[in-house]
Every structure is written in C-alpha cells, then in structure tokens.
Amino acid sequence: MNTVRDRAADAGTGPGTDADVIVVGAGPTGLLLGAELALGGVRVRIIERRATAQRDSRALTLHPRSIELMDQRGLVERFLARGRPVPGWHFAGLDTPLDFSALDTRHGYTLFLAQARTEQLLEERARELDVAIRRGHEVVGLRQDAGSGGAGDGGSGAGGVEVDVRGPDGVVETVRARYVVGCDGGRSVVRRAAGIGFPGTDETLSGALGDFATVDPAALDRARAHGVLAVPLEQADTDTGDPAAGRTGGLTRIVLLDPQRMRTPAAEPLTLDEFRDSLLRICGTDCGVAKARWLSRFGNATRLAARYRSGRVLLAGDAAHIHFPAAGQGLNTGLQDAMNLGWKLAAEINGWAPPGLLDSYHAERHPAGQAVTENTEVQTLLAELTLLPSYQRPAAALRTLMAGLLGIEEVNRRLAGMVSALDTGYPPADAGAHPLVGRRMPDIALTAAGSAAVRAYELLPHGRFVLLDLAGDDEMKRAVDTGWGPRVAAFTVTGHDSRADLDGVREILVRPDGHVAWATCATDAQTRRAERARALAGWAGLPAGEEHLVRG
C-alpha cells in the first residue's frame, strides 16, 4: 500500500516551494524547457516516470527552425556532429520533394537524428545548467492553491501547485512549485488533473514501424518504390549501441501503411511475423528484416488542448497536441513550444514580466499547434485515400496533381515554410507595427561596435533580449544598460547584410526565442527613443527601480 509523505512538512520548512517550476516529462520538450528555465535563473526540477533514458526513437528529424533554435543557444555543432543533413523533405510522401535549401535560413535542410540522440544532447545541456532530473518518479496528481492566478491575470495571485509524486519505492510524496508544466505526452496526467479539455478526433488509421538490425539492402529500393519508408538510423559508436547515450546500433527504420491492417488499433501489439506479412503484401518482399529491436504502431488521433494554460499549470509538446507523424513535425513543434514558453515563465517568476506576457504563450503557440494538426490531417488523408479501393484512382490523380503543383517554386516554398516552421510568425498587438514584428529575426551577419563580425544568432545564447541599433544612437546603449541591463543586451551595429526587409530599419528588439518584438524606421532620435522605451517596457518589463509597478 502506498504511503504519502509531505517533504516540506517532514523537513519543518512550512509551505515553501521545492522548486519554482516542476516540468513533468523528460522527453525533448521537457528537457529543452528545463534548460531554458534554468538559463533564466529559475529553480527547475524535471520529473520523469521512466527509470532510464528513452531507448527507442519514434521521431527521427530536426527541421530547420528547430536547428535554428539550437544555433541561437550555441548548441548547433553538437547536433550537426551527430546527425545527417538531408537537403529535401516531403509533404504527404508526394513525388516532388520540399526544397528546404531554397528557404531563408542558414540551415536549409532536415537533420536526420534519432530522438534518443536528441534527448541525450538536450539532457546534457540541462545538466550543464544544473537542472535536477528525477527519473523513476511518476506524477499521480496535482492541486492548485486557491490563490493561484488564472489565465488572463498574469498569474499574480499568491499560491502555487502541489504535486503528488510516486517514487520507485511506491511512496508518494507531495512537492510544491510555483508552476507546473506538463510535457508528459498525449496521455498527460498534468492536463487531465488541471481539467484542460483535449478536443479532436479519435484514431481511425494506424501505421507500423520497425527498427531492424538485419535487412536486405537490395530489397529496400523496391520497398521504397511501393511507398514504404526505409532509412538507416544513426550508426552507433559501438557494435551494440548504447541507448542511454542515444546510440541506435546501426539499425534500419522501416515505416509502412498496410491497407489490410490500417484499421488495427495502435495499442495492439505488433509482431515480427505481421510486419513481414505486411511487407510481402505491399512490395512483394519482406526485405529480409530480422533482429527487430523495436516494433510499434502509431495512429492518427488528432487533438489540440483547449488551453495551453490553466492558472499555474501549462502544457507543451504532445501534452498540448497530438497528430499523425506526417512529415515529422511533432517533436519539432514541442521544441518550439518550449523555446516560446521558457523565457516568458522565467520572466514571470523573476518578477519583471509585463502584464499578459505569460498568457501570450497560449495566444502564440495554440494557433501554431492548430496549423500543425490541420496540415497533418491533410497529409494523412492524401495517404489514406490511396489505400481505399473506391478512391485509389482519383486519389492517384490528386497526388499527381499535387506533385505537379509542388514543382511551382512559390507553392513549394509555401509548404516548405509551413512544414519547416520557418514561416511561423506571431501577429503583433499593434496593427501598425513594422512587418518584421512577430517574424523570425533573420540571421544576418553584422559588425557591432567593439566586436568582430558575428551572426545575429550568436548574440542570443544567454537567453536575453537583444536590441540592435542600426542608426548609431550614442545614447541607446547607456539607456538600455541602465534600465534593462540584466534582461536586454544592446549592440550598436556598424554594418550588416543588405536585405530588402531591413531597408530603413533603425532599431530591432529581438526576443530571447529569436522572434522580433519591435522594429522601427523612425528617423527622429527623440521619436525613436520614446518608441524604444515603450517597446522595452511592453516586452522586457519596467526599467530597474520600477519593477514593483508591474503588478500595480
């Protein structure tokens, strides 16, 4: 029988908190979020029910925007050293590939990298920042204090969240935090405990995947010609691989949709014999598959959390959105959730967040989640129709038509921008804002006074706002350092790449997540300084000495 222990009470410390934030789930989203919070000076603890690191890799790719996020934090070389760049990608498996290389980014490719390796690298980052990770501990319940702030009030109410955690010994302890973030997957305990709805559609279709140590390489091209995905996973550093270090052992991943088995519930176990039979039906060969390390099904249930925030409980990653893994967007969307939330929640905890900043997490990321769930439903339909006898002929014609449209440069760029998340922008509150506002900051090369030439992303590793002065205002840096120094890094730019979207721009405020918060073309110095002060207060809080006014 489980027993319950209240750590704070046992220690005689009263109703204090054990952490500023408890992150539930040590997948890619939770690990990146933990690192981002720690970068912001927050006491964070990650709780993971699995006793060891994830052995198998459902996701295999990092898309351009996710690679940019790693670049912004100075981590990209770690990932590039382990992954394999793939210049093109796909939409619904159509014959015409998406051309990521034509996009406005230094990282115009997909990085083929097993999820186990991604998690290993992100855990390494989190531990470097002293994030506490407790494995083998499962959240079994949570309660918000009555004084917890609700969405819309900035979370300013007193209180916090109590979390019941069952350890490996079966003992349940209650830990306290100011906030809890559920990064605990589609069956999120945190989401259910917080009473957040998860509307959407149930599973109607399932696919199958297997990771095999033995395959017949000569048969793989034949399988691919019949719509089967067959790709080599990352080679291991040893013959057997080390799952704890993210190594895959030199496996081959095979993914398929079998018309005769596509209505099988994803929860039903998958056997090697069934997988072989499916391959034989689809492409006439079992591809010599043997020594399966992992066999699994995946379904097309598609759901989006009604709210990404309820008081002091927030959601990110699969806890907030699930969908068919079309074009490999799920893990990437979760990383982008974490990057958006981390600095905002840290600002709230550190007491300088402007009113409404934390609520902007839902306002910005919920539409992004909806866009992903919708495009994956479209891709799934394009695949499913070809498997239904009554629709095969028109479905084939539709796919041929779509493949032809992807041959049009602008169409290809549009869908590539959507899948890569490079076109993700956040609408500004001010309708008259500069067109850059809300978009990704372009990674321009620039020369800042007193420094060698750098890229814009090289100014972001500390997770602070970056203010770029392109006009040469002698007063700017002193004013910013005095009022917002710990939160905003100011740079006077003496030269930068020429771009049409930067024509006439005099100052740019870049958010910690790499999106543009404010930009101005004002030529009059006094006007520009007034705009700047409003922008800084609206995004980075009131200047030093006035933070107490944030709460009124």
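Rules used in this analysis
- Residues numbered from 1 in each chain as written.
- Predicted model: local features only at pLDDT ≥ 70, side-chain atom pairs only at ≥ 80, totals over all residues.
- Heavy atoms only, no water.
- Helix = DSSP H or I, 4+ residues; strand = E, 2+ residues; numbered from the N terminus.
- Rg over C-alpha atoms; globule rule 2.2 N^0.38 Å.
- Buried < 20%, exposed > 50% of the residue type's maximum accessible area, 1.4 Å probe, protein only.
- Contact = heavy atoms within 4.5 Å.
- Areas by Shrake-Rupley, 256 points an atom, 1.4 Å probe, with all protein chains shown as cover.
- Lys, Arg positive; Asp, Glu negative; His and termini not counted.
- Charge placed at Lys NZ, Arg CZ, Asp CG, Glu CD.
- Patch = residues over 30% accessible without salt bridge, like charges linked within 9 Å, V, L, I, M, F, W, Y side chains within 5 Å.
- Salt bridge = Lys/Arg side-chain N within 4 Å of Asp/Glu carboxyl O.
- pLDDT = per-residue confidence, 0-100.
- Core = buried A, V, L, I, M, F, W, Y, C linked by side-chain atoms within 4.5 Å.
- Pairing = 2+ DSSP bridges.
- Axes fitted to C-alpha atoms, helices over the stretch in contact; angles between N-to-C directions.
- Phe/Tyr/Trp six-rings, centres within 6.5 Å; stacked < 30°, edge-to-face > 60°.
- Arc of directions from axis to C-beta.

(A) A look at the overall build of the protein. Of regular secondary structure, the protein possesses 14 helices and 27 strands. Here the protein has a C-alpha radius of gyration of 24 Å; the compact-globule value for 552 residues is 24 Å, and the two agree. When the backbone C-alpha atoms are referred to their principal axes, the protein occupies close to 75 × 65 × 45 Å. Buried residues in the protein amount to 56% of all 552 residues. For the protein, the proportion of contacts with a sequence separation of at least 24, taken over those separated by at least 6, is 73%. Accessible area of the protein: about 22500 Å², with a carbon and sulfur share of 53%. Treating the 62 positive side-chain charges of the protein as one cloud and the 69 negative ones as another, the clouds have centres 2 Å apart.

(B) Here's a closer look at a nonpolar patch on the surface. On the surface, L398, L401, L405 and I408 cluster together into a nonpolar patch covering about 330 Å² of accessible area. Relative to the helices and strands, L401 resides in helix α11 (residues 392–406). A residue is classified by how much of its surface remains accessible, and L401, at 52% relative accessible area, is exposed.

(C) Inspection of the confidence of the model for the protein at higher detail. Predicted confidence across the protein gives a mean pLDDT of 91, with 90% of residues reaching 70 or more. Residue range residues 1–15 is modelled with pLDDT below 50. Its contacts to residues more than four positions away, or to other chains, number 26 contacts. Here residues 150–156 scores under 50 on pLDDT; set against residues more than four positions off or in separate chains, the count is 23 contacts.

(D) Here's a closer look at the environment of I196. On the secondary structure map, I196 appears in the loop between α6 (189–193) and β13 (200–201). On a C-alpha basis, the gap between I196 and A320 in space is 9.6 Å, while along the polypeptide they are 124 residues apart. Look past the residues within four positions of I196 in its chain and what remains in contact with it is R191, A305, A306, R307, S310 and L315.

(E) Spotlight on the nonpolar core. Residues V21, I22, F79, V163, V181 and L345 are the most contacted members of the largest nonpolar core, which totals 68 residues. The leading source of residues in this core is helix α9 (residues 330–350), at eight residues. Those residues within four positions of I22 in sequence are excluded, and the remaining contacts are R45, I47, V163, V175, A177, Y179, V180 and V181.

(F) Unusual backbone geometry, seen in detail. We note that D130 has phi near 65°; this positive angle belongs to a residue other than glycine. On the accessibility criterion, D130 (69% relative accessible area) is exposed. Even without a glycine there, the phi angle at A421 is positive, about 70°. Relative to the helices and strands, A421 is located in the loop between α12 (409–420) and β22 (445–448).

(G) A look at the sheet that holds strand β26 (residues 507–510). In space, the six strands of this open sheet follow the order β23-β22-β25-β24-β26-β27, with mixed pairing throughout. The sheet terminates laterally at β23 (453–455) and β27 (516–520), the two strands that pair on one side only. Put simply, the sheet's adjacent strands are angled 35° from each other on average, direction ignored. For β22 and strand β25 (residues 488–496), the ladder comprises three bridges, and the chain directions are antiparallel. Counted as the bridge partner of T447 is G495 from β25.

(H) View of the pairing of strand β14 (residues 206–214). Counting buried positions along β14 gives seven out of nine residues, so the element sits mostly inside the fold. Where β14 lies against strand β17 (residues 290–299), eight bridges are found, and the strand directions are antiparallel. In the sheet register, G210 faces β17, and the bridge partner there is L295.

(I) Just the packing of aromatic side chains, in detail. Using the criterion set out here, one finds six aromatic pairs in the structure. Between the aromatic rings of F298 and F324, the centroid separation amounts to 5.3 Å while the plane-to-plane angle is 45°, which identifies the pairing as tilted. Of this pair, F298 sits in strand β17 while F324 is found in the loop between β21 (321–322) and α9, placing the two residues 26 residues apart along the sequence. Residue F324 is classed as buried on the basis of its relative accessible area, which comes to 8%.

(J) Fine view of helix α13 (residues 476–484). Turning to α13, its buried residues number three or more, namely M476, V480, G483 and W484. All buried residues of α13 project into a common sector of 80° when viewed along the axis, lining one side. Opposite its buried face, α13 presents the exposed residues R478 and T482, each directed more than 90 degrees away. For α13, the elements touching its buried residues are β24 (465–469), β25, β26 and α14 (525–540).

(K) How the structure looks around the pattern of salt bridges. The full count for this structure, using the stated rule, is 46 salt bridges. Notably, a salt bridge pairs R55 with D56, separated by 3.6 Å at the nearest N-O pair. Its relative accessible area of 37% is what places R55 among the partly exposed residues. Using a relative accessible area of 14% as the deciding quantity, one classes D56 as buried. Between R224 and D221 there is a salt bridge, and its shortest N-O distance comes to 2.7 Å.

(L) Expanded view of the side chain of R191. Secondary-structure assignment places R191 in helix α6. Beyond its immediate stretch of four places on either side in the chain, R191 contacts G185, G186, I196, G197, F198, L315, D318 and A319.

(M) Region of the structure containing the sheet that holds β13. Across the sheet, three strands lie side by side as β13-β18-β21; this open sheet has antiparallel pairing. The sheet is open, and its two edges are formed by β13 and β21, each paired on a single side. Sheet topology places β13 next to strand β18 (residues 302–304); two bridges connect them, and they run antiparallel. Paired with T201 across the two strands is T302, which belongs to β18. Contacting β13, β18 and β21, helix α10 (residues 360–385) crosses the sheet at an angle of about 170° to β18.

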